[in-house]
Amino acid sequence: MADDNPAELKGGMDALFELITMLAFHWRIGIAVLFALISAVFLATNISWFTGWYGVLLVIFSFGAGLIWESAPRSHKEGGDE
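Since the structure is predicted, the reported quantities are computational estimates derived from the model, not experimental observations.

## Quick word on the packing of aromatic side chains
Right, on to step 1. By the definition in use, this model includes four aromatic pairs.
Right, on to step 2. An angle of 65° between the planes, with centres 6.2 Å apart, marks the rings of Trp-49 and Phe-50 as edge-to-face.
Right, on to step 3. Residue Trp-49 is classed as exposed on the basis of its relative accessible area, which comes to 59%.
Right, on to step 4. Classification of Phe-50 as buried rests on a relative accessible area of 12%.
Right, on to step 5. Here the aromatic rings of Phe-50 and Tyr-54 are separated by 5.8 Å at their centres, their planes lie at 40°, and the arrangement is tilted.
Right, on to step 6. A relative accessible area of 41% places Tyr-54 in the partly exposed class.

## Quick word on helix 2 (residues 27–46)
Right, on to step 1. Given a rise of 1.5 Å per residue, 20 residues ought to cover 28 Å, and the 28 Å separating the end C-alpha atoms of helix 2 matches this to within 8%.
Right, on to step 2. Of the residues making up helix 2, those classed as buried are Arg-28, Ile-29, Gly-30, Ala-32, Ala-36, Ser-39 and Ala-40.

## Observations concerning the environment of Phe-50
Right, on to step 1. Along the chain, Phe-50 falls in the loop between helix 2 and helix 3 (52–79).
Right, on to step 2. Between the alpha carbons of Phe-50 and Ala-40 there is a distance of 8.5 Å; along the sequence they are ten residues apart.
Right, on to step 3. Residues within four places of Phe-50 in sequence aside, it is in contact with Ala-40, Leu-43, Ala-44, Gly-55 and Leu-58.

## Regarding the confidence of the model for the protein
Right, on to step 1. Per-chain confidence: the protein averages 82 in pLDDT, with 77% of residues scoring 70 or above.
Right, on to step 2. Predicted confidence in the protein is weakest over helix 1 (residues 6–25), with a mean pLDDT of 74, and strongest over helix 2, with 93.

## With respect to the environment of Leu-23
Right, on to step 1. Within the secondary structure, Leu-23 sits in helix 1.
Right, on to step 2. For Leu-23, a relative accessible area of 33% puts it in the partly exposed group.
Right, on to step 3. Placed ten residues apart in sequence, Leu-23 and Val-33 show a C-alpha to C-alpha distance of 9.6 Å.
Right, on to step 4. Not counting residues within four places of it along the chain, the set of residues in contact with Leu-23 comprises Ile-29 and Gly-30.

Scoring rules and cut-offs
- Residues numbered from 1 in each chain as written.
- Predicted model: local features only at pLDDT ≥ 70, side-chain atom pairs only at ≥ 80, totals over all residues.
- Heavy atoms only, no water.
- Phe/Tyr/Trp six-rings, centres within 6.5 Å; stacked < 30°, edge-to-face > 60°.
- Buried < 20%, exposed > 50% of the residue type's maximum accessible area, 1.4 Å probe, protein only.
- Helix = DSSP H or I, 4+ residues; strand = E, 2+ residues; numbered from the N terminus.
- Expected span 1.5 Å × (residues − 1).
- Contact = heavy atoms within 4.5 Å.
- pLDDT = per-residue confidence, 0-100.

See the structure below:
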């Protein structure tokens, strides 16, 4: 009897597909998160007081910054001549 549950596997693959599509269509978020991830790994390996939790917070905040960056051009286009 197999332990694999195709419904759970399909749900995980759907979530991964949605993440990849989100990063493809919203490339500003992907760039911000990728840059923060690389920076967090570099800082955690080279600075003793920069722990993994600081790296996690850096990536989370960069996701927020990417969201702001992504929404800025759209709100400017939709705003008209204000």
